[in-house]
Amino acid sequence: MAIVAAVIAALCIFCSVFAPWVSPHNPFDLATLNLSDARLPPAWLEGGSRTYLLGTDDQGRDILSALFYGARISLFVGLASVLVSMTVGVGLGLLSGFVGGKTDAFIMRVCDVMLSFPSILIALLIDGVARAMFPNAHDELAFGVLIVAISLGGWVQYARTVRGSTLVERNKEYVQAARVIGVSPYRIMVKHVLPNVMGPVLVLATIQVAAAILTEATLSFLGVGVPPTSPSLGTLIRVGNDFLFSGEWWITIFPGAMLVLIALSVNLLGDWLRDALNPRLR
Amino acid sequence: MTPLVQVRDLSKTFDVSAPWLNRVVERKPRQFVHAVDGVSFSIERGKTLALVGESGCGKSTVARLLVGLYQPTRGDVQFDGQPTDAAQNAAGVRTLRRRMQMIFQDPYASLNPRWKVLDIVGEPLREHGLVNMSSAPAGARGADALKAKVGELLLSVGLAAADVEKFPHQFSGGQRQRISIARALATQPEFLVCDEPTSALDVSVQAQVLNIMKDLQRSRGLTYLFISHNLAVVRHVADQVGVMYLGRLVELSDKAELFGHPRHPYTRMLLDAIPDIHMSGRSRTPVQGEVPNPLNPPTGCAFHPRCPHANARCSQERPVLTVFQGVQVACHAVQEGRI
Amino acid sequence: MAAPLLEVKNLRVEFPTRHGTLLALDDISFDIAPGEILGVVGESGAGKSLTGAAIIGLLEPPGRIAGGEIRLAGQRIDNLPYEQMRKIRGRQIGAIFQDPLTSLNPLYTIGRQLTETILTHLPVSAEEARQRAVRLLQETGIPAAEQRIEQYPHQFSGGMRQRVVIALALAAEPKLLVADEPTTALDVSIQAQIISLLKRLCKEHGAAVMLVTHDMGVIAETCDRVAVLYAGRVAEIGPVGDVIHRPSHPYTTGLMGSIPAMDEDRERLLQIDGSMPRLNAIPKGCAFNPRCPQVMPRCREERPELFNAGPTRAACWLVNESKVNA
């Protein structure tokens, strides 16, 4: 089961990363588009053509290629935001658990406050603020803003989890032994405690990648995500939604399926990763 | 000749009060635990002092105070004539750290499960710069030197040099404890604090570890502070024995005196309570009561509620550890000659 | 000779795992007479707790009894369905475990737990059950039993809780008590109290005891006979004085020698090199042969049975040889 998932995940990710080389067409190169090829159904249905395996959308863009390019964007945003929230969350969680006292209390209260906001709302807020602050440069900054917006909602989970694990590890005797040797608290935190609390973090990270991708998809669906020039899977789903009732279901369903597939595979990958990194199971 | 370790009036109080909000709302008073209360002793070079007592007596806290894991609330610790308190001796504390090390009770928690043995035992060497890591050609020579030194340390505790590449979970409890000992010996310390090092081990493994510890003491002139609740083990390893009860030292004497002629009623009770494998048929006084709650210690002598010899003075006045017939005892009845 | 209360014959317990089946108990046999206290001693991994669990019928799956039989008062109990075993547990067999913290349900008063046990197994009224419960608590030395019976487990100290657990185990008047490390988690002075309590109560109630522990001192104080386990097999079994002072099996000798004594000073403790083999690496022949100072070629090939060695029985070819040569 895990192997099948890994293979599928690897395939998806490979295709997405190497989209420009793997895709049969470049759907965003306006010069290659042919309006007469618009709204073609998938190849196995009547009216379809082998050139466009999964059909085309209303502008004549090949759905399969759009999937790969879109997944690329989605994955990029997903991974980047998880990296940011992981760094911030794990760092703050470690600090909180290790130092304790007022620092701990402060950070935990911040966490509590952040948790009372839904993450989509936070993302919308950040996006709105960014638009107001940088009305002209919006397109370039859009990715940055998006990543910040998504990670802001996600770091709290890491902080909480890591803080709990840190509290447990801090009292273990190998940490005390390091203190007796005279190792600096910073070094103990990073070299001793951190490797031992990362297990749950990795699993959390993979779940969060999936969640981030979905959040990004939601935001793009709502129109406040990635700029329309580089559509992600969410954008594709939104665009395709309009055509659902006119019978051209492939424009929205395939991007949806791809999204689910990627999210699922990333989750399974995470499970495998955590076991692979555990020295006890080597 | 100054003793290597001198402890005077050492005390540690922990604040275990409920959080501020709870205290205000429920009107609870602040609560303190006097984990260690005015303990004084000294250890001669090359000797072993054992601290015994039941749970909650403070012996582990004393161990941690000595190596600097806790800061004392009162009193001081002197190592080789110098204070170990960082406030008084900032420059010297780091060197002092090298000269004293600690071995812990739980062989499963005292080694970082994600580190290789090479890194675990090599950490003190790296930290104190005891292996020349910067000799050219840089990395390789230094890394080899470290590996060689760690291999040597492992051999000295009866493990194989090839074990450097393994992880802790590949070893048994007894072997892990030996790795801990190798790590403690890395900086060539003079003083080792051992907190129940064999309590978590099987009897036959315990014998192996105790033998190694004795051998090392002989060959390297080590001084030990040995914490244990097992009087038979203490009898085997110690030169001097201190008995603790609720944070206070109640008796301190040579091993032979303590086991042959225990003075304090609590010591007698402890010795009587040990199940005797050799069934020598000693007469035993029945044991009464349990260790009181440290949050609410008895007034006067902490042992008086359980003591068959307690009188009015015992419940009011706390006895001081004084010399009596060559041993140190904190008991009114003994000092008054009643027992 | 009265018929034995508990007979364990050729008991085998195995654990199927991904890498093959592990044999945790290999052909264990012993008896317990009514009212007798048998100690089962061994180091970690020897299988003593498993033996207790198998007898009570609380083996954790996937562990299962793969062979042999267990008889209580002549009746087989190892192959009973769950419901019947449940009735026997408590009524005929009582159990005490190591950790008094987790042996009692923290959500119910001890009075409720006691009366529940009594009512389940004995045909008495609720009022009488309560009176019995109070009497039991008094017998186990809990002061002010009438008031304390309404308290919760967390209001008792560790030693007190273990007394409650003993009361609970004896509540339904079982004939056999299985105690798994009952004093290991307690302080030395409390240990002594609990040991003497156990002895006294069992004699008064006429219950036999199977005491599982790694502490030889406790065995010496409490038991009539003792079985020494090694790597899932019985190494030696016999009256406690003989096993401790005149052991026949080299493992028992090594074990006794490695315990520091209270009455003599020794420079070095006797040590047995190496460690107990893991379940998936038990040597051929006698399980102890790689560590035995008196190993013979035969020991590496054939597994010895329990041979008579005077008052004890030991699973050792040396014992057999000396008998043959005598």
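Structural notes on the overall build of chain A
Here's step 1: Each helix and strand in chain A was counted, giving 10 helices and 0 strands.
Here's step 2: Written out in order from the N terminus, the α and β elements of chain A read α-α-α-α-α-α-α-α-α-α.
Here's step 3: At a minimum sequence separation of 6, the contacts of chain A that also span at least 24 residues come to 70%.

What about the overall build of chain C?
Here's step 1: Scanning chain C for helices and strands turns up 13 helices and 12 strands.
Here's step 2: The buried share of chain C, reckoned over its 326 residues, is 48%.
Here's step 3: Taking all contacts inside chain C whose residues are at least 6 apart in sequence as the whole, residues at least 24 apart take part in 63%.

Overview of the packing of helix α4 (residues 110-121) of chain C against helix α7 (residues 158-170) of chain C
All names here are of chain C.
Here's step 1: Relative to each other, α4 and α7 sit at 20°, their axes nearing to 9 Å. Here α4 lies roughly parallel to α7, going by the angle between them. Where α4 crosses over α7, the handedness of that crossing is right-handed. Each of I110, Q113, L114 and T117 in α4 lies in contact with α7, whose residues at this interface are V164, A167 and L168.
Here's step 2: A class-by-class count of the residues in the contact of α4 with α7 yields 5 nonpolar, 2 polar and no charged.

Some remarks on the interface of chain A and chain B
Here's step 1: Across the boundary between the two partners, chain A contributes 16 residues, which contact 20 residues of chain B.
Here's step 2: The element best represented in the side of chain A that touches chain B is helix α7 (residues 173-181) of chain A, accounting for 8 residues.

Some thoughts on the pairing of strand β9 (residues 240-245) of chain B
All names here are of chain B.
Here's step 1: The buried fraction of β9 is high, at 5 of 6 residues.
Here's step 2: Across 6 bridges, the pairing between β9 and strand β10 (residues 248-254) is antiparallel. Among the inter-strand pairings, G242 is bridged to a residue of β10, identified as L252.

A look at the interface of chain C and chain B
Here's step 1: Between chain C and chain B, the residue contacts involve 33 residues of the former and 30 residues of the latter.
Here's step 2: Looking at the side of chain C that touches chain B, the elements with two or more residues in it are α8 (188-205), α9 (216-222) and α11 (250-258) of chain C.
Here's step 3: It is α8(C) that contributes the most residues to the side of chain C that touches chain B, 7 residues altogether.
Here's step 4: Grouping the amino acids of the side of chain C that touches chain B by side-chain chemistry returns 16 nonpolar, 12 polar and 5 charged.

Examining the arrangement of the chains
Here's step 1: The interface with the highest contact count, out of 2 pairs of chains in contact, is the one between chains B and C.
Here's step 2: The closest approach of any C-alpha atom in chain A to one in chain C is 14 Å; the two make no contact.

Looking at the nonpolar core
Here is a general trend for soluble globular proteins: nonpolar side chains tend to be buried in one another's company.
Here's step 1: One finds L225(B), L176(C), M210(C) and Y230(C) to be the most contacted residues of the largest nonpolar core, which totals 268 residues.
Here's step 2: Ranked by residues supplied to this core, first place goes to helix α3 (residues 63-99) of chain A with 17 residues.
Here's step 3: Apart from the residues lying within four places of it in its own chain, the contact partners of L225(B) are I43(B), L49(B), L51(B), A63(B), L66(B), V193(B) and C194(B).

Examining the packing of α7(A) against helix α8 (residues 185-222) of chain A
Residue and element names in this part refer to chain A.
Here's step 1: At their nearest, the axes of α7 and α8 sit 11 Å apart, and the two run at 145° to each other. In terms of crossing hand, the pair formed by α7 and α8 is right-handed. For the pair formed by α7 and α8, the contact residues are Y174, V175, A178 and R179 on the first element and I188, H192 and V193 on the second.
Here's step 2: Residue composition of the contact of α7 with α8, by class: 5 nonpolar, 1 polar and 1 charged.

Thoughts on the sheet that holds strand β6 (residues 93-96) of chain C
All names here are of chain C.
Here's step 1: The 8 strands lie next to each other as β6-β7-β8-β3-β9-β10-β12-β11, forming an open sheet whose pairing is mixed. The open sheet has two edge strands, β6 and β11 (307-309), and neither has a second partner. Strand-to-strand twist across the sheet, computed as the mean angle between neighbouring axes with direction ignored, equals 20°.
Here's step 2: Taken together, the 5 bridges between strand β7 (residues 176-180) and strand β8 (residues 208-213) define a ladder with parallel strand orientation.

Focus on the sheet that holds strand β2 (residues 20-32) of chain C
Pairing between the strands of a sheet comes from backbone hydrogen bonds, and it takes one of two forms, parallel or antiparallel.
Residue and element names in this part refer to chain C.
Here's step 1: If you walk across this open sheet you meet the 4 strands as β2-β1-β4-β5, and the pairing is antiparallel. Among the strands making up the open sheet, the edge pair consists of β2 and β5 (75-76).
Here's step 2: Direction of pairing for strand β4 (residues 64-72) relative to β5: antiparallel, over a ladder of 2 bridges. When the bridges of β5 are listed, R71 appears paired with R76.
Here's step 3: Lying on the sheet, helix α1 (residues 48-56) is in contact with β1 (6-17), β2 and β4; it crosses β2 at an angle near 75°.

As for the environment of I88(C)
All names here are of chain C.
Here's step 1: Topologically, I88 is positioned in helix α2 (residues 82-91).
Here's step 2: Overall, I88 belongs to the partly exposed group, with 18 C-beta atoms counted inside 10 Å.
Here's step 3: Along the backbone, I88 and D265 are 177 residues apart, and their C-alpha atoms lie at a distance of 49 Å.
Here's step 4: Among all residues touching I88, those that are not within four sequence positions of it are I77 and I93.

Quick word on unusual backbone geometry
All names here are of chain C.
Here's step 1: Cis rather than trans, the peptide bond between P61 and P62 has omega equal to 5°.
Here's step 2: Within the element layout of this structure, P62 appears in the loop between α1 and β4.
Here's step 3: A positive phi is found at N10, a non-glycine position, where the angle reads about 50°.
Here's step 4: With respect to the helices, strands and loops of the structure, N10 is situated in strand β1.
Here's step 5: We classify N10 as exposed; it has 11 C-beta atoms within 10 Å.
Here's step 6: One non-glycine residue with positive phi stands out, namely E181, at about 50°.

Points about α8(C)
Here's step 1: Taking 1.5 Å per residue as the helical rise, α8(C) with its 18 residues ought to reach 26 Å, and the 26 Å between its terminal C-alpha atoms agrees with that figure.
Here's step 2: Count one or two residues on from α8(C) and you reach G206(C), which has phi positive near 70°.

Section: the confidence of the model for chain A
Here's step 1: Summarising the model, chain A shows a mean pLDDT of 81, and 91% of its residues fall at 70 or more.
Here's step 2: Highest mean pLDDT in chain A belongs to α7(A) (91); lowest belongs to helix α2 (residues 19-22) of chain A (69).

Quick notes on the environment of A208(C)
Residues and elements named next belong to chain C.
Here's step 1: Among the secondary structure elements, A208 is positioned in strand β8.
Here's step 2: Assessed through the 22 C-beta atoms surrounding it within 10 Å, A208 is described here as buried.
Here's step 3: For the pair A208 and S29, spaced 179 residues apart in the sequence, the C-alpha separation amounts to 17 Å.
Here's step 4: Once residues lying within four places of it in the same chain are set aside, the contact partners of A208 are L5, L6, I32, A33, P34, G35, E36, K175 and L176.

As for the confidence of the model for chain C
Here's step 1: Mean pLDDT for chain C: 87, with 98% of residues reaching 70 or above.
Here's step 2: As a predicted assembly, this complex carries a pTM of 0.82 together with an ipTM value of 0.84.

With respect to the environment of R278(C)
Residue and element names in this part refer to chain C.
Here's step 1: Structurally, R278 can be placed in the loop between α11 and α12 (297-301).
Here's step 2: Look at R278 and you get exposed, because 11 C-beta atoms sit within 10 Å.
Here's step 3: Here the alpha-carbon distance between R278 and L22, two residues 256 residues apart in the chain, equals 9.7 Å.

Scoring rules and cut-offs
Residues numbered from 1 in each chain as written. Chains lettered and ligands numbered in written order. Predicted model: local features only at pLDDT ≥ 70, side-chain atom pairs only at ≥ 80, totals over all residues. Helix = DSSP H or I, 4+ residues; strand = E, 2+ residues; numbered from the N terminus. Contact = placed C-beta atoms within 7 Å. Buried ≥ 20, exposed ≤ 12 C-beta atoms within 10 Å, placed from the backbone. Axes fitted to C-alpha atoms, helices over the stretch in contact; angles between N-to-C directions. Parallel < 35°, antiparallel > 145°, perpendicular 65-115°, else oblique. Left-handed = near helix turned anticlockwise from the far one by under 90°. Nonpolar A, V, L, I, M, F, W, Y, C, P; charged D, E, K, R; others polar. Pairing = 2+ DSSP bridges. Core = buried A, V, L, I, M, F, W, Y, C linked by C-beta atoms within 7 Å. Expected span 1.5 Å × (residues − 1). pLDDT = per-residue confidence, 0-100.

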